Each structure stands twice: as C-alpha cells, then as structure tokens.
Number of protein chains: 4
Amino acid sequence: MAIVFLTITPLGTATPSVSRYVAGVEKVLQASGLKSQLTAMGTIIEGDLDQILRVVRQMHEHPFSQGALRVSTSLRIDDRRDKKDHTIAGKMRSVEEKLRE
Amino acid sequence: MAIVFLTITPLGTATPSVSRYVAGVEKVLQASGLKSQLTAMGTIIEGDLDQILRVVRQMHEHPFSQGALRVSTSLRIDDRRDKKDHTIAGKMRSVEEKLRE
Amino acid sequence: MAIVFLTITPLGTATPSVSRYVAGVEKVLQASGLKSQLTAMGTIIEGDLDQILRVVRQMHEHPFSQGALRVSTSLRIDDRRDKKDHTIAGKMRSVEEKLRE
Amino acid sequence: MAIVFLTITPLGTATPSVSRYVAGVEKVLQASGLKSQLTAMGTIIEGDLDQILRVVRQMHEHPFSQGALRVSTSLRIDDRRDKKDHTIAGKMRSVEEKLRE
C-alpha cells in the first residue's frame, strides 16, 4: 500500500485560474474508484502503487485534452512495507496520538 | 496571501516511523497562530508569505533539536496576487463548484 | 517528449548517508538506456513519458531490495506538446540565451 | 551548510514558454553571490540556509515584477549537520564513488 500526493498544473493557460483543469483531473480520479482526498494544494491517493500510477498517467493526460499545451505534474510517493496500517487514516491517527501526548 | 504545502522529513532515524518528529514540527506551527491544515502527506498553511517562511524556518529546525542529523524539507508556495479570496477554503470552494457542474 | 526530475530517498536507514541507495537506483536508470543527468539533488530524465514512468517504477523498487523499509520518491514531470525541442539541452539553451540578453 | 533545489514557475502566462521568467529569477540569484548550479528542471543552491532563504524570497518575488499574477515556487532543502562536506560537489563525489564500485 502506498500513499501518493499529487499536483497537476497546466502552464500557459492565459489566466491564472486553473480550477477548471483541476476539477477535470479530479473527475478522472473519482472514476477510478481509488480512495482519495482532495486538498487545497493537491490530492492524496491511497492504494496499490501500480494502480495509482496508471491512474496518475491518465490524470496527467487530461489537461491536454482540455487544450493545455504544457502540464507540470508533481508526485510524491510514500511507500512503507514494514507496516500494515500504511493508509491516509493510519498516518493521521499516528500523528494525532503524538500531538495529544 | 499565500498558501504553502510543507513536508518535513528526518533522514537516518533508525526506524521508518517519523510521526514523533512530525508531531513536534506541528506543535511549532500551532504555537505560531497561523491558519493551517494537517494532512497525511504534509501541512497546508495560509497567510502572509514572510510570516509563513519565518515559521517554516523554525519548523525545519525542530527535528535537529530532537536528535535528527539530516532533515529534508519540501515546500510548495502558491502565491496569487490577482484575487482576494486566495485561501485554503477559497481554493477548495472553486474546485468543488466545478466538480458539481 | 517529457522531462522528469526524480529524487528517491529511503527513510529509517541506520545512518543519514543514503548515497549507497542513490547509486543503486542510478544503476537501474543507466541500464534502461534513457538519457539522463545526475545532479546533487536528483536525476533529470528525458524521453517518452510512458517509458520513463516504467523505469521510475523499477528505480523506486530498488532501495527495498537493498533493505529499505520505507521509500519516499518525488517526481516532477514537465510535459510540453507545442514544441519539438523539449529536451534537457533545449531548455538549458533557451534560458542561457535569455541570460545573455 | 544546506543544499536547496528550487523551481519557480509563473502560472497563467500568455504562452507555455516561461524561460524569460526563469532567466530573470536566475539573475537575482547570480547577483546574490551564492554558489549555485542551473539545471533544466530547477536550480541547486548551496550555502547558509538563512542566507539562501532570503535570496529565494527575492527570487520568488521577481516574476510578479515582470507581470506574473500567480507564482508557484517549489523548494527542497537538504540540511545535514553530521558532515562537513555537505556541498553540491561533495554529494556528487559520494554517489560517483559508489557508482564506480
């Protein structure tokens, strides 16, 4: 199980508003059935890494289909193999426990 | 107003669990009074960029005070000057509106 | 043609030195035949995006085979479709020309 | 001594070409006297972290002075305190030695 943080940004879009592209990319993710969480700075996805990367590849392609000529995609993979509970909820729980100490 | 995504990771910590360090860094942020949101892959901070960078500098220092010998800090600044509502909530609203269309 | 910047970091290693892992990952890349450039902060790769992502997937796996329990991989894809000369050398040339102006 | 990898990208520019902005940002860095290396995907800077962050703050501001309305700045700090030779050249040497083994 991996957790991935993803930001997809089209460049040269004439206006600085890119939420239309972000929403299009998010719909591709939602159609994949992968567990994810949208944030103001990118999307967190959890699941099998190979499956995530296949969906990221489709998401990266989407802004081009909407007219973008250049897309910058940033991806951070957190892959941990010594722990069963390597999930978005598990990581949050772990930090929140320590915050209460 | 800027929005910043921040991940602080100590390297060479003997075990792969770093939530203790993450919680320590988060407490520095909470003490700053800046508006922020903790996620499973980093923290989103909103506010005046200079003030954010001062707090990020303190946060980056914290793992060293807990024994870390090497710290990797990733920061992404989204700074938009043509719009009043450039906030975490404003960005979320903008994408969610387009998702409903 | 895409250009990718890639950093692969194992977490929870016995010491803060990770160059052994970085060299292992680099050998996987060199065996792929893809054009690349090693820097002090990551590796720049140029080529067909699908081919690059396949090799990145193998590179990400390598530290686990060397004993790492957790791997953090950061990837930035710069994909530009309006220009033939979207290469490492082409981008450098473009900035260097403007630096001379 | 810290090593920083930095990418500064204006969003919503008229065309996908941003090398004009990149060159402007690079001139701010060159004027600072900090040791740095330009790559096709960003700039590597080495030196005192506080001094680097002051210059990064000026670099981030520059595209706005050239008409940009939104700037996305990505920064990765590699800060290591157990080693004297934590420099761009030192890191390269360390990996290259292991590549020859």
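Read on for a plain summary of the structure. On a predicted model such as this, the values are computed, not experimentally measured, just so you know.

Cut-offs and rules
- Residues numbered from 1 in each chain as written.
- Chains lettered and ligands numbered in written order.
- Predicted model: local features only at pLDDT ≥ 70, side-chain atom pairs only at ≥ 80, totals over all residues.
- Heavy atoms only, no water.
- Pairing = 2+ DSSP bridges.
- Helix = DSSP H or I, 4+ residues; strand = E, 2+ residues; numbered from the N terminus.
- Axes fitted to C-alpha atoms, helices over the stretch in contact; angles between N-to-C directions.
- Contact = heavy atoms within 4.5 Å.
- Least-squares fit on C-alpha atoms with pLDDT ≥ 70 in both.
- Buried area = accessible area lost by both parts, 1.4 Å probe.
- Salt bridge = Lys/Arg side-chain N within 4 Å of Asp/Glu carboxyl O.
- Nonpolar A, V, L, I, M, F, W, Y, C, P; charged D, E, K, R; others polar.
- Buried < 20%, exposed > 50% of the residue type's maximum accessible area, 1.4 Å probe, protein only.
- Parallel < 35°, antiparallel > 145°, perpendicular 65-115°, else oblique.
- Left-handed = near helix turned anticlockwise from the far one by under 90°.

Let's shift gears to the sheet that holds strand 4 (residues 70–80) of chain A. In space, the 8 strands of this open sheet follow the order 2(A)-3(A)-1(A)-4(A)-4(C)-1(C)-3(C)-2(C), with antiparallel pairing throughout. The open sheet has two free edges, formed respectively by strand 2 (35–39) of chain A together with strand 2 (35–39) of chain C, since each of these has just one partner strand. Going from strand to strand, the sheet's axes swing by 15° on average, the running direction of each strand aside. Strand direction decides the pairing type here: strand 1 (residues 2–11) of chain C and strand 3 (residues 42–47) of chain C, joined by 5 bridges, are antiparallel. Within strand 3 of chain C, the position partnered with Val4 of chain C by the bridge is Ile45 of chain C. Against the sheet, helix 3 (residues 88–100) of chain A engages strand 1 (2–11), strand 2, strand 3 (42–47) and strand 4 of chain A together with strand 4 (70–80) of chain C, with an angle of about 105° to strand 3 of chain A.

The relation between the two copies of this chain is a rotation about an axis and a shift parallel to it. Of the transformation superimposing chain A on chain C, the axial component is 0.0 Å and the angular component is 180°, with the fit at an RMSD of 0.1 Å. Classification of the inter-copy transformation places it as that of a two-fold axis. When C-alpha distances to the rotation axis are compared across chain A, the minimum falls at Leu75 of chain A, with a value of 2.6 Å. Interface overlap between copies is the fraction of interface residues in one copy that are interface residues in the other; for chain A against chain C it reaches 100%, indicating a shared surface.

At the interface, 33 residues of chain B touch 33 residues of chain A. Roughly 2,800 Å² of surface becomes buried between chain B and chain A when both sides are summed, with 68% attributable to carbon and sulfur atoms. On inspection of chain B and its partner chain A, the count reaches 0 salt bridges. Per-class residue counts for the side of chain B that touches chain A are 14 nonpolar, 9 polar and 10 charged.

Let us now look at the pattern of salt bridges. Counted according to the given criterion, the structure contains 32 salt bridges over all chains. Close ionic contact of Lys91 of chain B with Asp78 of chain B constitutes a salt bridge, the shortest N to O distance being 2.7 Å. Within this pair, whereas Lys91 of chain B is found in helix 3 (residues 88–100), its partner Asp78 of chain B is found in strand 4 (residues 70–80), the two being separated by 13 residues in sequence. We classify Asp78 of chain B as buried; its relative accessible area is 6%. For Arg93 of chain C, the salt bridge goes to Asp85 of chain C, with nearest N and O atoms at 3.0 Å. Of the residues examined, Arg93 of chain C reaches a relative accessible area of 41% and is grouped as partly exposed. On the accessibility criterion, Asp85 of chain C (32% relative accessible area) is partly exposed.

This part covers the pairing of strand 2 (residues 35–39) of chain B. Residue and element names in this part refer to chain B. Two strands pair when backbone bridges link them, and strand 2 and strand 3 (residues 42–47) are joined in this way by 5 bridges, in the antiparallel orientation. Its bridge partner being in strand 3, Ser36 is matched across the sheet by Ile45. Between strand 2 and strand 3, which pair antiparallel in sequence order, lie 2 residues.

Counting residues at the interface gives 23 residues for chain A, matched by 23 residues for chain C. Summed over both partners, the interface of chain A with chain C buries about 2,100 Å², with 43% contributed by carbon and sulfur atoms. The largest share of the area that chain A buries against chain C comes from Arg57, Arg70 and Arg81 of chain A, three residues that together contribute 26% of it. The tally of links from chain A across to chain C stands at 6 salt bridges. The closest approach of N and O atoms between Arg57 of chain C and Asp50 of chain A, which form a salt bridge, is 2.8 Å.

A few words now on the sheet that holds strand 4 of chain B. With respect to topology, 8 strands assemble into an open sheet ordered 2(B)-3(B)-1(B)-4(B)-4(D)-1(D)-3(D)-2(D), the strand pairing being antiparallel. Pairing within the sheet leaves two strands with one partner each, and these edge strands are strand 2 of chain B together with strand 2 (35–39) of chain D. Neighbour to neighbour, the strand axes of the sheet diverge by 15° on average, direction disregarded. Here helix 2 (residues 49–65) of chain D sits on the sheet and contacts strand 4 of chain B together with strand 1 (2–11), strand 3 (42–47) and strand 4 (70–80) of chain D; the angle it forms with strand 4 of chain D, its principal contact strand, is near 165°.

Our focus in this paragraph is the packing of helix 1 (residues 19–32) of chain A against helix 2 (residues 49–65) of chain A. Helix packing for two helices is described by the angle between their axes and how far apart those axes are. All names here are of chain A. The N-to-C vectors of helix 1 and helix 2 enclose an angle of 150°; their axes lie 9 Å apart at closest approach. Looking at the two axes, helix 1 sits roughly antiparallel to helix 2. Taken as a pair, helix 1 and helix 2 cross one another with a handedness that is right-handed. Each of Tyr21, Gly24, Val25, Val28, Leu29 and Ser32 in helix 1 lies in contact with helix 2, whose residues at this interface are Val55, Gln58, Met59, His62 and Pro63.

Moving on: the relation of the copies chain B and chain A. Between chain B and chain A, the superposition needs a rotation of 180° and an axial shift of 0.0 Å, giving an RMSD of 0.0 Å. Most of the interface of chain B is mirrored in chain A, where 100% of its interface residues are also at the interface.

All right, on to the environment of Asp82 of chain C then. In this fold, Asp82 of chain C is placed in the loop between strand 4 and helix 3 (88–100). Asp82 of chain C gets classed as partly exposed once you look at its relative accessible area, which sits at 35%. Leaving out residues up to four positions away in the same chain, Asp82 of chain C has contacts with Leu69 of chain A together with Pro16 of chain D.

A few words now on the packing of helix 1 (residues 19–32) of chain C against helix 3 (residues 88–100) of chain D. Close contact between helix 1 of chain C and helix 3 of chain D brings their axes to 8 Å; oriented N to C, the two are set at 60°. Classified by the interaxial angle, the pair formed by helix 1 of chain C and helix 3 of chain D is oblique. Helix-helix and strand crossings are classified by hand; for helix 1 of chain C and helix 3 of chain D the assignment is right-handed. On helix 3 of chain D, the residues touching Ser19, Arg20, Val22, Ala23, Glu26, Lys27 and Gln30 of chain C of helix 1 of chain C are Ser94, Val95, Lys98 and Leu99 of chain D. Classifying every residue of the contact of helix 1 of chain C with helix 3 of chain D by side-chain character gives 4 nonpolar, 3 polar and 4 charged.

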